[in-house]
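A look at the structure
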Amino acid sequence: MQLLLALLLNLPAVLMYHQVDSHTPPDKIGRALTISPAQLSDELDYLESRHLRGVSVDDYLQANAAHHDTGDMVILTFDDGYADQYTDALPILLAHHAHATFFITTGNVGRRNHLTWNQIIRLQHDGMSIGGHSVQHVDLASLSPARQQFQIDGCLTALRDHGIDADTYAYPGGTFNRATEAILTKEPVALAFTTDPSHRLGMRPQFEIARLRVKDVTTMAAFQRFFTKLK
Ligand SMILES: [Zn+2]
């Protein structure tokens, strides 16, 4: 309990990304999910200029467990398992000595524009961490507990079958309910992430962590404002 409290009190800002592609998508939804490689690179440059480290959730968990200082950490997360996260985001992360957590929707692995299992394993090999993001990318709060169980457990099992022990989870669309949290207490999940704070239930804070969404329209000034409260 004490460890959990320390974990949550020290929690760094958590950024949420989706696609990283130099090609601007023609449709509105695609554009809302996509930033350019130059934008990601500029944002990581900014973190470096502030002596902030871009880390994965697992980096944070390990540092916290070892009682190391986590005050200079910013957690980077990428949702949905798009192929450009391997082709475009990974080289930029590595060039900046940054890590990130990639939340994978296992039913989409290998599909058009999505990561393959080999790429996911390579991400992990390069120091990135992998978390769950359901089997079929459905809003958990709209499902019965049994169907939620399938989405959560099926995802974590598919990852495990590929040698990936995921101990973090992100809710598709950010929605969850009490049944979701009850399921997660029986899974080896340390932390679970929503999108914005409006989804919080105020029940189990370790399963209700809000993230800051970085969009194509997020200017550098807006990005910098994410960190005004940090030292
Ligand atoms: Zn998603």
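Above this note sits the structure.
Below, the structure is looked at part by part. (Residues numbered from 1 in each chain as written. Predicted model: local features only at pLDDT ≥ 70, side-chain atom pairs only at ≥ 80, totals over all residues. Heavy atoms only, no water.)

1. Re the packing of helix α3 (residues 37-49) against helix α5 (residues 84-95)
Running from N to C, α3 and α5 point in directions that differ by 20°, and their axes come no closer than 10 Å. Here α3 lies roughly parallel to α5, going by the angle between them. In this structure, the crossing between α3 and α5 has a hand that is right-handed. Contact residues: P37, L40, S41 and L44 in α3; D88, A89, I92 and L93 in α5. Class assignment of the residues belonging to the contact of α3 with α5 gives a composition of 6 nonpolar, 1 polar and 1 charged. (Axes fitted to C-alpha atoms, helices over the stretch in contact; angles between N-to-C directions. Helix = DSSP H or I, 4+ residues; strand = E, 2+ residues; numbered from the N terminus. Parallel < 35°, antiparallel > 145°, perpendicular 65-115°, else oblique. Left-handed = near helix turned anticlockwise from the far one by under 90°. Contact = heavy atoms within 4.5 Å. Nonpolar A, V, L, I, M, F, W, Y, C, P; charged D, E, K, R; others polar.)

2. Focus on the environment of V74
Relative to the elements of secondary structure, V74 occurs in strand β5 (residues 73-79). The buried category is assigned to V74, whose relative accessible area is 0%. Those residues in contact with V74 that lie beyond four places of it in its chain are P12, A13, L15, L47, L52, R53, G54, V55 and F227. (Buried < 20%, exposed > 50% of the residue type's maximum accessible area, 1.4 Å probe, protein only.)

3. Considering unusual backbone geometry
Positive phi outside glycine occurs at H51, with the angle close to 60°. With respect to the helices and strands, H51 occurs in the loop between α3 and β4 (53-55).

4. Section: the pairing of strand β1 (residues 14-17)
Regular strands show a simple pattern: their side chains alternate between the two faces of the sheet. The two faces of β1 match: V14 and M16 on one face and L15 and Y17 on the other face are all buried. Examined bridge by bridge, β1 and β5 share 4 bridges and lie parallel to one another. Looking across to β5, one finds that M16 is bridged to T77. Bridging between β1 and strand β10 (residues 212-213) involves 2 bridges; their strand directions are parallel. Looking at the pairing, M16 lines up with R213 of β10. (Pairing = 2+ DSSP bridges.)

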